Amino acid sequence: MISIDTLAKENSKNLKSFVITLGSYYTVSLYFLFSIVDYVFYPDFFTEFLVVRALVVATVITIGHLLKQPDEKSATLTQFICSIPFVACAASIDYMIFRINDPFTSYWAGLAIVIAALSVGFTFSWRFYLTNILILVVPFAAMSLSHFLGNQDINTFMNLIFLLSITTVCVTGRWFYQKLSLSEYNNRKQLAEEVVSRNKIIEIKTQETVRLNALSKQFSPQIVQSIQAGKISLSSKIHKSEICAIFVDIKDSTIKFSTLDRDNLQRIIAVYMEDVMSIFLKYDITIDKFLGDGVMGFTNDPVAQSDYLERAILAAIEIKSRISLKQELYSSLWGSPFEVRIGLSSGVASVGFYGSDLHVKSYTAIGKVINLASRVNGIAPPNEIAITGDILTKIKEKNEQYLRDYRLTELGHHDLKGFEKEKIDLFSIDKLESPAQLTDDENCPHGHGPLMIDQLNNGIYAMKCRYCDYVLDESLPKLKDVG
Amino acid sequence: MDAKKTAHHENLLGTNSLIVRQNRFDSEGTLHAEIAGKKYKIINYSLFGMGMLTEEELEPNTFLESVTILHGSQHVVDLGFEVKRVKKADHGYEVGLEVINNTVPVETIMRLKDFNSLVSNLEEKNNFYKNLPAAFKIALVELSTKLESFERYVKSFSEKEFSNSREYHESRESLIEVVSRQINFDLLAASEKMKQSFTIHDPDLFKTAFAYYREQVGRYLFQSPFTKRSYEKPRGYAGDFLMMSQIYANDGFAPSLFGSCMERAVQEFGEPGAVRNRSHYLSEKIIAEVKSNKGPLKFLSVACGPAEEVRIVLNRLSQEELDRCEFNLLDQDEQALQYAQKIIQEDAFKLGKKIKLNLLNRGIKEILISGLGFSKFDVVYSSGLFDYFTDPVASKACKVLHKHLNSKGKLIIGNFNITTTNWFGMLALFDWSLILRGDADLKRLFTVDGTSMAIESEENNINLFCVVSNNA
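Quick caveat, the model's predicted, so the values are computed rather than measured.

1. Notes on the environment of K73 of chain A
All names here are of chain A.
Then comes step 1: Residue placement: K73 occurs in the loop between helix 3 (46-68) and helix 4 (75-100).
Then comes step 2: Between the alpha carbons of K73 and K9 there is a distance of 9.9 Å; along the sequence they are 64 residues apart.
Then comes step 3: When near neighbours in sequence (up to four residues on either side) are disregarded, K73 contacts L66, T78 and I81.

2. Topic: the pairing of strand 8 (residues 297-302) of chain B
All names here are of chain B.
Then comes step 1: Counting buried residues in strand 8 gives five out of six residues, a clear majority hidden from the surface.
Then comes step 2: Bridge count between strand 8 and strand 9 (residues 325-331): six bridges; the pairing is parallel. Within the sheet, the bridge partner assigned to S301 lies in strand 9 and is L329.
Then comes step 3: Of the pairings in the sheet, the one linking strand 8 to strand 11 (residues 377-382) comprises three bridges and is parallel in character. Following the sheet pairing, S301 is matched in strand 11 by Y381.

3. Considerations on the sheet that holds strand 14 (residues 463-470) of chain B
Residues and elements named next belong to chain B.
Then comes step 1: An order of 10-9-8-11-12-14-13 is seen for the seven strands of this open sheet, with the pairing classed as mixed. Each edge of the open sheet is held by one strand with a lone partner, namely strand 10 (357-361) and strand 13 (451-457). When the angles between neighbouring strand axes are averaged without regard to direction, this sheet yields 15°.
Then comes step 2: Pairing of strand 9 with strand 10, which is carried by five bridges, proceeds in the parallel orientation. Across the sheet, residue F327 finds its bridge partner in strand 10, namely L357.
Then comes step 3: Contacts from helix 11 (residues 334-351) reach strand 9 and strand 10, with the element oriented near 170° to strand 10.

4. Focus on the pairing of strand 3 (residues 294-299) of chain A
All names here are of chain A.
Then comes step 1: Of all six residues that make up strand 3, six are buried, and the element is covered over most of its length.
Then comes step 2: Burial along strand 3 is two-sided: the face carrying G294, M296 and F298 and the face carrying V295, G297 and T299 are both buried.
Then comes step 3: Here strand 1 (residues 239-250) pairs with strand 3 via five bridges, running antiparallel. Pairing of F247 across the sheet is with M296, part of strand 3.
Then comes step 4: As paired elements, strand 2 (residues 286-291) and strand 3 share five bridges and run antiparallel to each other. Across the sheet, residue T286 finds its bridge partner in strand 3, namely F298.
Then comes step 5: Hairpin connection from strand 2 to strand 3: two residues lie between these consecutive antiparallel strands, with G292 at a positive phi of about 65°.

5. A word on the pattern of salt bridges
Then comes step 1: Enumeration according to the criterion identifies 53 salt bridges over all chains in this entry.
Then comes step 2: Residues E56 of chain B and K38 of chain B are paired through a salt bridge, measuring 3.3 Å at the closest nitrogen-oxygen approach. Placement of the pair is E56 of chain B in the loop between strand 4 (49-54) and strand 5 (63-71) and K38 of chain B in strand 3 (residues 38-46), with a sequence separation of 18 residues.
Then comes step 3: By relative accessible area, which is 28% here, E56 of chain B ends up partly exposed.
Then comes step 4: Residue classification places K38 of chain B among the partly exposed residues on the basis of a relative accessible area of 37%.
Then comes step 5: One salt bridge connects K146 of chain B with D186 of chain B, and the closest N-O pair in it is separated by 3.5 Å. With K146 of chain B in helix 2 (residues 134-158) and D186 of chain B in helix 3 (residues 165-196), this pair connects stretches of sequence that are 40 residues apart.
Then comes step 6: Since its relative accessible area comes to 36%, K146 of chain B is described here as partly exposed.
Then comes step 7: Relative accessible area serves as the criterion here: at 6%, D186 of chain B is assigned to the buried category.
Then comes step 8: In this structure, a network of salt bridges that share partners links the residues D275, K282, E318, R322 and K326 of chain A.

6. Some details on the packing of helix 6 (residues 241-249) of chain B against helix 11 of chain B
Then comes step 1: Where helix 6 of chain B meets helix 11 of chain B, the closest approach of the two axes is 9 Å, and the angle between their N-to-C directions is 40°. Contacts between helix 6 of chain B and helix 11 of chain B pair F241, L242 and S245 of chain B from the former with Q335, A336 and Y339 of chain B from the latter.

7. Brief notes about helix 6 of chain B
All names here are of chain B.
Then comes step 1: Among the residues of helix 6, those classed as buried are F241, M243, M244, S245, I247 and Y248.
Then comes step 2: Tucked into the core, helix 6 has its buried residues touching helix 5 (225-232), helix 7 (257-267), helix 8 (270-292), helix 9 (308-316) and helix 11.
Then comes step 3: Among the residues of helix 6, the N-terminal cap falls to D240, whose side-chain oxygen and the backbone nitrogen of L242 are separated by 2.9 Å.
Then comes step 4: Following helix 6 by one or two positions, N250 has its phi on the positive side, about 45°.

8. Things to note about a nonpolar patch on the surface
All names here are of chain A.
Then comes step 1: On the surface, L30, L33, F34, I36, V37, Y39, V40 and F41 cluster together to form a nonpolar patch covering roughly 830 Å² of accessible area.
Then comes step 2: Residue placement: L33 occurs in helix 2 (residues 25-41).
Then comes step 3: A relative accessible area of 46% means that L33 is categorised as partly exposed.

9. Observations concerning the nonpolar core
Then comes step 1: Grouped together as the largest cluster of nonpolar side chains are 94 residues, with contacts concentrated most on F136, I183, Y213, F389, W432 and F446 of chain B.
Then comes step 2: Look past the residues within four positions of F389 of chain B in its chain and what remains in contact with it is Y461 of chain A together with I364, L368, A394, A397, I435 and R437 of chain B.
Then comes step 3: Counting 43 residues, the second-largest nonpolar core is a separate cluster that includes V276, I317, F427 and I429 of chain A.

10. As for the layout of surface pockets
All names here are of chain A.
Then comes step 1: Within this model, the second largest pocket holds a volume of roughly 760 Å³.
Then comes step 2: Lining the second largest pocket are 29 residues, with Y31, F34, C89, I113 and V114 positioned closest to its centre.
Then comes step 3: Secondary structure elements with two or more residues in the lining of the second largest pocket: helix 2, helix 3, helix 4 and helix 5 (108-119).
Then comes step 4: By residue number, the principal contributor to the lining of the second largest pocket is helix 2, which donates eight residues.

11. So, the confidence of the model for chain A
Then comes step 1: In this model, chain A carries a mean pLDDT of 81, and residues with pLDDT of at least 70 account for 90%.
Then comes step 2: Considering only residues more than four positions removed or in separate chains, one finds that residues 478-483 of chain A, a stretch of pLDDT under 50, has 16 contacts.

12. So, empty space enclosed by the protein
Here the idea is plain: a probe the size of a water molecule rolls over the atoms and shows the empty space left.
Residues and elements named next belong to chain B.
Then comes step 1: One pass over the full model with this rule turns up two cavities of 30 Å³ or more.
Then comes step 2: One number sums up the size of the largest cavity: a volume of about 60 Å³.
Then comes step 3: Forming the boundary of the largest cavity are 11 residues, of which W423, M426, W432, L434 and L436 lie nearest the centre.
Then comes step 4: Considering every element that reaches the lining of the largest cavity, the biggest residue donor is helix 14 (residues 423-430), with three residues.
Then comes step 5: Of the residues assigned to the lining of the largest cavity, the class counts are eight nonpolar, two polar and one charged.
Then comes step 6: Together, V302, I364, I367, L368, L385, F386, F389, A397 and L401 line the second largest cavity.
Then comes step 7: Counting residues per element, the ones that place at least two in the lining of the second largest cavity are helix 12 (364-370) and helix 13 (391-402).

13. Thoughts on the side chain of S279 of chain B
Residues and elements named next belong to chain B.
Then comes step 1: Position of S279 relative to the elements: it lies in helix 8.
Then comes step 2: Within the structure, the side chain of S279 is placed 2.7 Å from the backbone oxygen of R276, a separation counted as a polar contact.
Then comes step 3: With residues near it in sequence (within four places) discarded, S279 still touches Y248, E308, E309 and I312.

Rules of the game
- Residues numbered from 1 in each chain as written.
- Chains lettered and ligands numbered in written order.
- Predicted model: local features only at pLDDT ≥ 70, side-chain atom pairs only at ≥ 80, totals over all residues.
- Heavy atoms only, no water.
- Helix = DSSP H or I, 4+ residues; strand = E, 2+ residues; numbered from the N terminus.
- Contact = heavy atoms within 4.5 Å.
- Buried < 20%, exposed > 50% of the residue type's maximum accessible area, 1.4 Å probe, protein only.
- Pairing = 2+ DSSP bridges.
- Axes fitted to C-alpha atoms, helices over the stretch in contact; angles between N-to-C directions.
- Salt bridge = Lys/Arg side-chain N within 4 Å of Asp/Glu carboxyl O.
- Polar contact = N/O pair within 3.5 Å; in protein donor to acceptor, adjacent residues only side chain to side chain.
- Patch = residues over 30% accessible without salt bridge, like charges linked within 9 Å, V, L, I, M, F, W, Y side chains within 5 Å.
- Areas by Shrake-Rupley, 256 points an atom, 1.4 Å probe, with all protein chains shown as cover.
- Core = buried A, V, L, I, M, F, W, Y, C linked by side-chain atoms within 4.5 Å.
- 1 Å grid on protein atoms, 1.4 Å probe; cavity = no way out; pocket = protein on both sides within 12 Å on 5 of 7 lines; lining within 4 Å.
- Points joined across faces, edges and corners; volume = space filled by probe spheres on them.
- pLDDT = per-residue confidence, 0-100.
- Nonpolar A, V, L, I, M, F, W, Y, C, P; charged D, E, K, R; others polar.

If you want it as structure tokens, here you go:
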């Protein structure tokens, strides 16, 4: 990850590293080489100048060590400290020029070098930079002027002019360099910010994808899309919701699971789960939990559905029908007829994400209605759908005619564990295939309306009543030779 | 019986260390302890003791020298116990007893329980079947004995050695021929005797009888794949397309040799024979129609199944004749249609012919109410459907199908003849309910204004056909 400091901090860091480099051994040894020049041209001042150079070196090394200390110094203090080596160098040169007292000495070139060095790469702020320039130039300017006024020597004046020209060039050069550096810094900063921003986006998207992936196991693609588009909010708060719970499980699974061949068991569970869950998702039923071979789901949450009761019923009927259609496959794996039981109940539940942020969270419902669905499932006859009476009452209140397409059979009173004190009416429900089954010319003599064509248990097609046991002319093979 | 492994049995070593505990079993109300003439309910027991329910409080560390353990009314064992602890319960006291100088015969008690359960089940079954006529049971026992001996005989053949495969195959074929014929005869005879043993028409009694029949001889009968499929109805209904294919194939294939004998025996019944014959009958009708008409013709087979008659027609008609024909196959079982299409088209490719097939996957119930839209056909036929319709439904179906005939069209309705004698066997063996009808029934049900009617049959006279023709 790219990290960018503030401009001031970055400049301070650069400044420190440059000045520390100045104090390195190879730089220092280069500086002492100039003593050879002193010895050649000004042997009388050799020792004196050597001491001055040593003082400068000592200053630079000391400053270098000071800057290496890990304590946080302010930008201003850092710049002040970093100015000292330059001032020391310039001061030593000014002293040597003053001591030599030779207007032609080219020691003043040393000042030019120091000024040039100050201008290039050393990220002083403008304030400090100009101050340093002033400190470096003013003593030489003062000496040159006094020399010029004293001797009327144009050369001395020319030296000053040269120095000032070099200074001007350096300052201008530094101005352009500063602009370039700033631009480069801003680019780096922008890039770093963009990378940070992109990383954040990737992190958010990844989390979202993982979350939606988990959700897609519980919700149909339509609901997942709605959540993604923000049309549905999966609030972190648990909330009360009126739901219809549906519970499907396999009859005699406990016995069979212990005796069935492992491969067959795996296959049949896979087929069964695929069938049940795909139907759940088709009707936008939220897949709540798995209880062994049992699958619990509920409607009307997170998406409110005006037909939430009907959806649960239709899903139950379709599950029953699917199992029946695939019975050949199921029974070949099961080793006997494969039968399911389905229970439906409705009521209020606490719905939301339950679980731990660190580990697993799933969207689930908790409440009596869930337990009731499980109990009702236990009462359901094999391959039948058991439903509580209140569901039928609620549907009739919305649409009196809806249930005319269904066959309802009372299951009588049953003691449901946990609900002993409540009177719960139970029915089994099945859909008549279509109103087209109703005949238009035969009616039930008990006033239940048109008869329908349906199959009896023995496979014979007969005209029968949807609501009572009446069958029109149920013909079985007659015992001709008997009675 | 499941063992409760969380035993509260006394720690024998007197320490709290984890030891292997003996399993504890619920007595499920079957065990009692008799002490000094008084009976107490045993709650549970293990190898070293038991829990008992008493009305009076017993003193811990008391010795009960002679305790009789009873399973129901059966004496199990006499043991001595020490009272280890007593706890107040809702209806008395729960007493923990440790056996002295002996162990509780846990295995014996479990075997007793299983045995009593078995006896109880047998008694229940006997009660269930006691209302069946004695003659029925006798006939069934005779049949069972015969089938058992046939099976043994066939098995002994399997253990014989033959000098070469030809001799083996010839002998095998003869064996199947002989045994299957005898089985066929015995099954029919037994069915007749059993049918005659009933003096009243009681559907519930018949149901019990058939269940008993299958329980006694099912292990022999269901070695025939056809019988097994007919009874189990894996596709949810009797007479599915694969069953029909088995009838048409009639190859006697079975996983075992005795199964092959049984398969052949069952296939030689009149009813499967009639099914094979009716495909020939229908194909003759179709061919006759094609020969007598020079124009295009549309045929509709209702509940077509594997459409064997179309395969026969494909073989017999020339390409020029086939080009004039359109065969519409209607069935509510999609797989039946796929199967029919597959075998017919495979035949067509082999013969180098083309045949026009339309497949209609519609529910029978829906057709009966809604019809087939505006389609009109020259010949509509159904050979294995009306046997499943009660009279009102059959009459209605006839009217619905008749509406889809052209002005000179024909409606052919097949139905098993009421003179079919083996209906009892069909119900007993295959759990296959059919509604049998005679000439008079067909005339009564299928008379439509403006039509003429003829009653025909296949060569065995087991399957009748009512041909309703539009008077032009």
